[in-house]
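Residues per chain are reported as follows:
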Amino acid sequence: MTSLSPDAVNHNAAIRAYLREGFAEVRGADAVRASPLELAEEAIAEFRPSLVVALGSVAVEAAPLRSLARSARRAGARLAFWLHDDPYEFDYAPRAEALADHIFTNDRWALPHYRHPSVSHLPLAACRRTHLRPVRPMAERSLDLFFCGAAFPNRIALLERAQASLAGHRVEVRGAGWPASLAFAENTRLSAAAMADRTSAARLVLAVGRDLDIANRRYRLPASTPGPRVFEAALAGTPQLCFAAGLEILDYFEEGREILLFDDVHEIAEAIARSHREPAVVLAMAERARARVLDAHTYRHRAETILAAMAA
């Protein structure tokens, strides 16, 4: 497997390693090889796989995707693209449609808008090695609320509205692009493992999706599928407070038993208060969500789905 953009500009290169582990769990380590895009042609020629999975974004104009496709054909391999920036970059879909034997899209609402004859919906997932943490007792958690992610406008606006009601609570926000007006936000990038550690130290983790299109003018598709952080946070053993931008998240977690939903900022402080008032109830949600991810939403499960779809 490989990526769809060079690692120098690929902020999600770690997903390639996660998926490699997933395939290794299914087929064995010797049956799987992962390579950055820059070395993919050489790796394919040497390894001669029956399947090449390339994941990421096709928005980088200079990425040698046609050369990648030719390499797969010469090796007799089928080529699958797993696109994880739908619908925000959906205008680039024709580039993938022209080259891949099968396309996996991370977003369910993008699925019916493809013109390719072989497309599947496949959300991102969580990595056991990187994200799995014990479910810590509430009394051991040093934070009331944690969020990690880029400061997209919708996230800034939400936290600015919530800031007054969060005064006095132990709140930590990490990422890039956060304004100085948010006292609890710090522009610090965390590794995936460090993010899982901080997540497991919080009574609640906030889940707020992205709302920033890069190339989505053709259909202006709204995102429907939650991103990987909901699976990663669940695997880290922390209760989640998820912004209800849509209801597809209920296909993955049960509201009130595995996650909490909110649609107004005053509910954030209310959820924190509940985590103090009913710690056992809220902790049980985290335990059930963690079990759900272990049962259905790791990269091993995604590898199994890919193999089944490509064998059909």
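One can find the structure itself at the top, above this paragraph.
None of these values were measured; they are calculated from a predicted model.

J.: Would you mind going over the packing of helix H2 (residues 40–47) against helix H3 (residues 65–74) with me for this structure?
T.: Pairs of packed helices are described in terms of their axes, by the angle between the two and the distance that separates them. Packing of H2 against H3 brings their axes to within 9 Å, and their N-to-C directions diverge by 5 degrees. As judged from the angle between their axes, H2 and H3 are roughly parallel. For the pair H2 and H3, the contacting residues are Ala40, Glu41 and Ile44 in the first and Ser67, Leu68, Ser71, Ala72 and Arg74 in the second. Taken together, the residues that form the contact of H2 with H3 break down as four nonpolar, two polar and two charged.

J.: Explain the sheet that holds strand S2 (residues 51–56) to me, please; I cannot follow it from the model alone.
T.: Either a parallel or an antiparallel arrangement is found when strands of a sheet pair, and the pairing is made through backbone hydrogen bonds. The strand order across the open sheet formed by five strands is S1-S2-S3-S4-S5, and the pairing between neighbours is parallel. Looking at which strands have only one partner, the edges of the open sheet turn out to be strand S1 (2–3) and strand S5 (119–121). Its contacts with the sheet place helix H1 (residues 14–27) against S1, S2 and strand S3 (78–83), and it is angled at close to 145 degrees to S2.

J.: Help me understand the packing of aromatic side chains in this model?
T.: What the rule picks out here adds up to seven aromatic pairs. Taking 4.9 Å as the distance between ring centres and 80 degrees as the angle between the ring planes, the aromatic pair formed by phenylalanine 90 and tyrosine 114 counts as edge-to-face. Taken as a pair, phenylalanine 90 in the loop between S3 and helix H4 (93–97) and tyrosine 114 in the loop between strand S4 (102–105) and S5 lie far apart in primary sequence, 24 residues in all. On the accessibility criterion, phenylalanine 90 (0% relative accessible area) is buried. An angle of 90 degrees between the planes, with centres 5.7 Å apart, marks the rings of phenylalanine 231 and tyrosine 252 as edge-to-face. Pair noted here: phenylalanine 231 is in helix H8 (residues 229–235) and tyrosine 252 is in the loop between strand S10 (240–243) and strand S11 (260–262), with a separation of 21 residues, a long-range link. One exposure class covers both phenylalanine 231 and tyrosine 252, and it is buried.

J.: Just to check I follow, could you spell out the pattern of salt bridges for this structure?
T.: One side chain can pair with another of opposite charge once the charged atoms of both are near each other. Going through the model one piece at a time under the given rule, you end up with 20 salt bridges. A salt bridge links arginine 198 to glutamate 172; the nearest nitrogen and oxygen atoms lie 2.7 Å apart. Here the residue arginine 198 occupies a position in helix H7 (residues 192–200), and glutamate 172 occupies one in strand S7 (residues 171–174), the gap between them amounting to 26 residues. Judged by its relative accessible area of 27%, arginine 198 falls in the partly exposed class. In this structure glutamate 172 comes out as buried when scored by relative accessible area, which is 10%. Linked through salt bridges whose partners overlap, the residues forming this network are Glu172, Arg174, Glu186 and Arg198.

J.: Would you mind showing me how to read H7 here?
T.: Think of an α-helix as 3.6 residues a turn; residues three or four steps apart then line up on the same face. For H7, the complete set of buried residues consists of Met195, Ala196, Thr199 and Ser200. On an axial view of H7, the arc spanned by its buried residues comes to 130 degrees, and they lie on one face. The secondary structure elements touched by the buried residues of H7 are helix H5 (128–131), strand S6 (143–148), strand S9 (202–207) and H8.

Parameters and conventions
- Residues numbered from 1 in each chain as written.
- Predicted model: local features only at pLDDT ≥ 70, side-chain atom pairs only at ≥ 80, totals over all residues.
- Heavy atoms only, no water.
- Axes fitted to C-alpha atoms, helices over the stretch in contact; angles between N-to-C directions.
- Helix = DSSP H or I, 4+ residues; strand = E, 2+ residues; numbered from the N terminus.
- Parallel < 35°, antiparallel > 145°, perpendicular 65-115°, else oblique.
- Contact = heavy atoms within 4.5 Å.
- Nonpolar A, V, L, I, M, F, W, Y, C, P; charged D, E, K, R; others polar.
- Pairing = 2+ DSSP bridges.
- Phe/Tyr/Trp six-rings, centres within 6.5 Å; stacked < 30°, edge-to-face > 60°.
- Buried < 20%, exposed > 50% of the residue type's maximum accessible area, 1.4 Å probe, protein only.
- Salt bridge = Lys/Arg side-chain N within 4 Å of Asp/Glu carboxyl O.
- Arc of directions from axis to C-beta.

By themselves, these observations are geometric and do not establish any function.
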